[in-house]
Each structure stands twice: as C-alpha cells, then as structure tokens.
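# Topology and contacts: notes
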Amino acid sequence: MKKQKTDQTKYIFVTGGVLSGVGKGITAASIGAILKAQGYKVSIQKCDPYLNVDAGLLNPVEHGECFVTHDGKETDLDLGHYERFLDFEASKYSSVLSGALYQELIEKERSGGFHGKTVQLVPHYTDLAQEKIEKASLESDIHIVEIGGTVGDYEGLGFIEAIRLFANRVGRRNCLYVHVVYVPWINTSKELKTKPAQNALKDLRGFGIIPDMVVCRTERPAPRSMCEKIAAFSGIEGRAVLNLPDINSVYDVPFNVLKSGVIEILNEFTGAKKAPDMSRWEEFSRLRSKEHSKTFTVGLVAKYVGNEDAYICVTEALKAAATWNDLNLEIKWINAEEAADEDFASVDGIVVPGGFGVRGVEGKIKAAEYALEHDKPYLGLCLGMQMACVAAARRGGVANANSEEFGANEADGNNIIYIMENQKGKESTGGTMRLGDYPAQLKPGSRVSKIYGSKEVVERHRHRYEVNQKFIPEIEKGGIVVSGTSPDGKLVEFVEAPKHKFFVATQAHPELKSRPLHAHPLFMEFIKSLR
Ligand code: GLN
C-alpha cells in the first residue's frame, strides 16, 4: 500500500570495499537512526549476493544468528541491527538474496513467462533487483539499501549494476551512494595505508558509481588528513569522507556520524532543516557508560560458545534490559555440552536460547532442572522452553522424557515435545517452519500476563516441534504450568514455575522484538529478578 505522500522516495545505497564484515550494516543502520530521529519514515533493506534463497539453512557458526521478520522470512542478522537501530519492523521485502531472484527468474522462464526471449543478467536480473528495491521502499520517505559483500565480487555485480541503473529510474538527485572502506594500520611502519581504499573507490567508479559519501573504517581514530587524501583521490569533497574508528558500543556510531561533516551531506540530500532528536539515544548511552553499583552474571547455556553473533538478539536484549535496570551485566558462556551444576551455581540467572540438533541438549535440560530445584532465575527461549518442559516431565516421573527431535517417540511414551502435525516430513527443508508472528493468549493472573500487562501478545516464532499436551500432568508435577497458548489452545506458547522467583519460558523468540531503546518486558523482568 502506498503511503500518501507527494515527494519522491529518496534512496541511500551502501556498498563496501576492501573487506567485508567491517560494519557496513552498522553504518547503514546508524544513518537510518539519524534520519528517523529527524522525523522521516525510513526503511532499510539488505541485498545479499549469495545463491541461497534465504538465510534459513545457513550455518550460524559462519553466518551468525538467523533473524526472522514478523511476516516469517528467515534472514541475515543484519536485519536485527536494522530493527534495533531503527526501532521498526522489517518485512519479507527487506531481505533479498540472489538465489531468490534467480529462482523467480527461472520459474518464470520455465512457465513460458519470457515468451521466447533470452533471459539475461542484464536486464532481467537487474530489473528484478530494482523492482525488489522499489517494492521495499513504497511506504517510506527514505529507503536505505545495503549491498552485501564488497564491490568487485563476481556474484555481487548484478546488484551493483542494479543500483547504478536505479538512478535512471528515480533520478540521480534522489540517490545517495555511500561506500564503506577499510583503512588498515600497518604496525611495522606505523602508518595508515589508504591504497586499498583508493583501489576500492576505483573499482566502484569502474562500475559507473561515484559515491557521494565515503566512510573509512579504522581500528583507531585517524587524522583528518587521511580523509582529505581519500577525498582527493576519489574526486569528492573532504567533508563527505567520514572516519569511523572502532568504538566500544555500536550504538555510539550515530553520534560519530552526527559529529562529522557528513551530516551536512545528508541534510542537503534529504532537505532536512532540523537537527535529529537523539535524546533517547543519549539517555541510553549515558546509562550504558555509567558505573553501576552492582554487577550480575547471566549464564547463557549455548552450543556455539563465545560466538556472540550466533545469539546476538539474545545478548543484545539482555544488555539493553541490564542498562535500563541500571546494573552491570556479565554474560558467562556455559558450554551446553559440558555444563555442570557448578556452572549454574556460579551465575545469578540462566538463559537457555533457541537451537536445533541434539548436541548440548542434555546440558540445557540440566540447566532447567537446576533452576527448578534451586529457584534460580531462568528464561527459556524456544528450545529453552521445550527443554524446560522435558526437565519438568523428568522430575514428574517420565524418566527418559525428551523431544522427538532427539529420538523420543510415541511408542516409548517419552515424547514430551513432538513434531507439529503440519511439519512432518519437512525436517530438513528451507522456509517451512512455523515462522514469524503468532498470537498467544495468556492465562489471567499468570506471571507472563502481568509482565506483558495484557491478555494477548504477539511474538515471532521459528520452530517445528511443540509441547505434547498429553504430558501436562507430568510437567505440572515437575513444577511447571502452562501460562499461555495459541488462541485455539492447541499450542503451548508460555510456561512458568509459579512458585519461583522467575522461571518463564516461551516457544517464541521475544529477543527478536527487543530494542535498545525499548528493552523487551520479559528480559526486563528476568534481569530485575537477578537482584
Ligand atoms: N529445534 C526446536 C524446534 O524446531 C526449537 C527451535 C528453536 O529453538 N528455534 O522446534
């Protein structure tokens, strides 16, 4: 649905050079946060050159956590950054992978949709990419597009050509090209080397794009002369080159952008007259850097230990909740494969996040058992809820309770968690889980209904298995009650241990909806309970 507006949407394209993984996503999101704080309706999209169709089957060790949009698309974790910085809900249009474009083109070709024409990268792929960009931008004043990888990668060329062509579609003045480059510090000669960045800019020019802004990522703050040198070589104004050194918190990046001359470039592009209202960001930054009097420790019982990217929404939700609760948080990684009672005893609270596959599952069950027995605050997310129910059922008399995902079955009478009826046979296929927003009804008087302050909540999901309600008596005997279900009552969505200080688990992924400026209520209450 097109938003009522007379102005042409403006587009900001963010590309990368030299190296990938140096913060293009954070740069794009920070620009977005500033524009939003100026009152614009901003949307943001990632175009990734992978031949995968979506991120659902990608390995979290290599690619980090899989983010899920409200409308059920499995995407790259950058969309999580976008949602956190822009405090908006991305949609299935916000993520475009090359594989999906090729799939659409090939399906159209196979069904005769091209009427005998040759199907080519240019114009068919590039047109389709532009259509996807346009579609994702329909309701916004400003639409930001981040192109994954670096300019010059074979697989990304289609997108680079598409964004170049896009200027013909909407007018060059409605497009702002931002190139993010890495400038390495060479320790032996003690100098910053701009050559790779110059070459990266030359590559971009070779594809017909002269950027309007260049962002130089460095390890440490660089002298202005570096920016001036890069500006001279790339044929753009000095004020259009910004140095973004590594800093402690990504949430301070918007402040660095604001302090620099590029804000003038942005204002000239958008026509903005007023300064952004960053007061909430400032408050968040002040609280975050404050010396809190107390430090609490949360044990994250994980399979990919120490790999923050694999659980980034969970750690971000915990950190935001700690900040707004005015306390220091230490996240202690507990290896689910080796977890023992001493590990659980050494922390103030336990989080068992989502996961797939049998590895480390016993450690997660032990974590829930320990929390139930020792009244240790516990927050279970998706698999963390399933394992909490397994732990309770074991306590309630089903000695070998488990999930069908890990070998339990109907015949053995131990499938506390079983596969959803409509998921049978789809176990290894992409895009087929129960994905995205689903509502849950919360039991009146329950802990969760008080936390949410509501009888009905909507959270995002990504799972195939569910609680087998046949075992509710055993689960209850083990100390856990169901406190929220799908509106038809068929699916367990929330459980809790009523006598505990804090023991709440959900089939959903509330961490996906937590924002730095609006920490999620479940995380807020969990952190509060650590005191
Ligand atoms: N593996 C479990 C399922 O598919 C839990 C999924 C998750 O934690 N996201 O139901």
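Below, the structure is looked at part by part.

## Remarks on helix H11 (residues 279–289)
Trp281, Phe284, Ser285 and Leu287 are the residues of H11 that are buried. The buried residues of H11 occupy an angular sector of 165° when projected down its axis, which confines them to one face.

## Examining the pattern of salt bridges
All chains considered together, the criterion is met by 33 salt bridges. Between Glu89 and Arg460 there is a salt bridge whose closest N-O contact spans 2.9 Å. A residue pair is termed long-range when its members are at least 10 positions apart, and Glu89 in the loop between helix H3 (78–86) and strand S5 (95–97) and Arg460 in strand S19 (residues 456–463) qualify at 371 residues. Judged by relative accessible area, which is 37%, Glu89 ranks as partly exposed. Residue class for Arg460 comes out buried when judged on its relative accessible area of 0%. A salt bridge links Glu237 to Arg239, with the nearest nitrogen and oxygen atoms 2.7 Å apart. For Arg239, a relative accessible area of 24% translates into the label partly exposed.

## Describing the layout of surface pockets
In this structure, the second largest pocket spans a volume of roughly 710 Å³. Every residue lining the second largest pocket is counted, 36 residues in all, and those nearest its centre are Pro60, Gly354, Gly355, Phe356 and Arg462. Elements represented by at least two residues in the lining of the second largest pocket include exactly helix H15 (383–395) and S19. Split by residue class, the lining of the second largest pocket holds 16 nonpolar, 11 polar and nine charged.

## Some words on the nonpolar core
In this structure, Ile12, Ile144, Ile230, Trp281, Val351, Phe526 and Ile527 are the most contacted members of the largest nonpolar core, which totals 96 residues. Every residue in contact with Ile12, bar those within four places of it in the chain, is listed here: Ile31, Leu35, Ile142, His143, Ile144, Val145, Leu176, Val178, Leu266 and Phe269. Core analysis: the second largest hydrophobic core is formed by 43 residues, Val361, Val390, Phe471 and Val482 among them.

## Quick look at the side chain of Ser234
With respect to the helices and strands, Ser234 occurs in helix H8 (residues 224–234). Relative accessible area serves as the criterion here: at 3%, Ser234 is assigned to the buried category. Of note is the side chain of Ser234, whose polar atom sits 2.6 Å from the backbone oxygen of Ile230. Excluding its chain neighbours within four sequence positions, the residues that come into contact with Ser234 are Leu201, Arg205 and Ile210.

What counts as what
- Residues numbered from 1 in each chain as written.
- Predicted model: local features only at pLDDT ≥ 70, side-chain atom pairs only at ≥ 80, totals over all residues.
- Heavy atoms only, no water.
- Buried < 20%, exposed > 50% of the residue type's maximum accessible area, 1.4 Å probe, protein only.
- Helix = DSSP H or I, 4+ residues; strand = E, 2+ residues; numbered from the N terminus.
- Arc of directions from axis to C-beta.
- Salt bridge = Lys/Arg side-chain N within 4 Å of Asp/Glu carboxyl O.
- 1 Å grid on protein atoms, 1.4 Å probe; cavity = no way out; pocket = protein on both sides within 12 Å on 5 of 7 lines; lining within 4 Å.
- Points joined across faces, edges and corners; volume = space filled by probe spheres on them.
- Nonpolar A, V, L, I, M, F, W, Y, C, P; charged D, E, K, R; others polar.
- Core = buried A, V, L, I, M, F, W, Y, C linked by side-chain atoms within 4.5 Å.
- Contact = heavy atoms within 4.5 Å.
- Polar contact = N/O pair within 3.5 Å; in protein donor to acceptor, adjacent residues only side chain to side chain.

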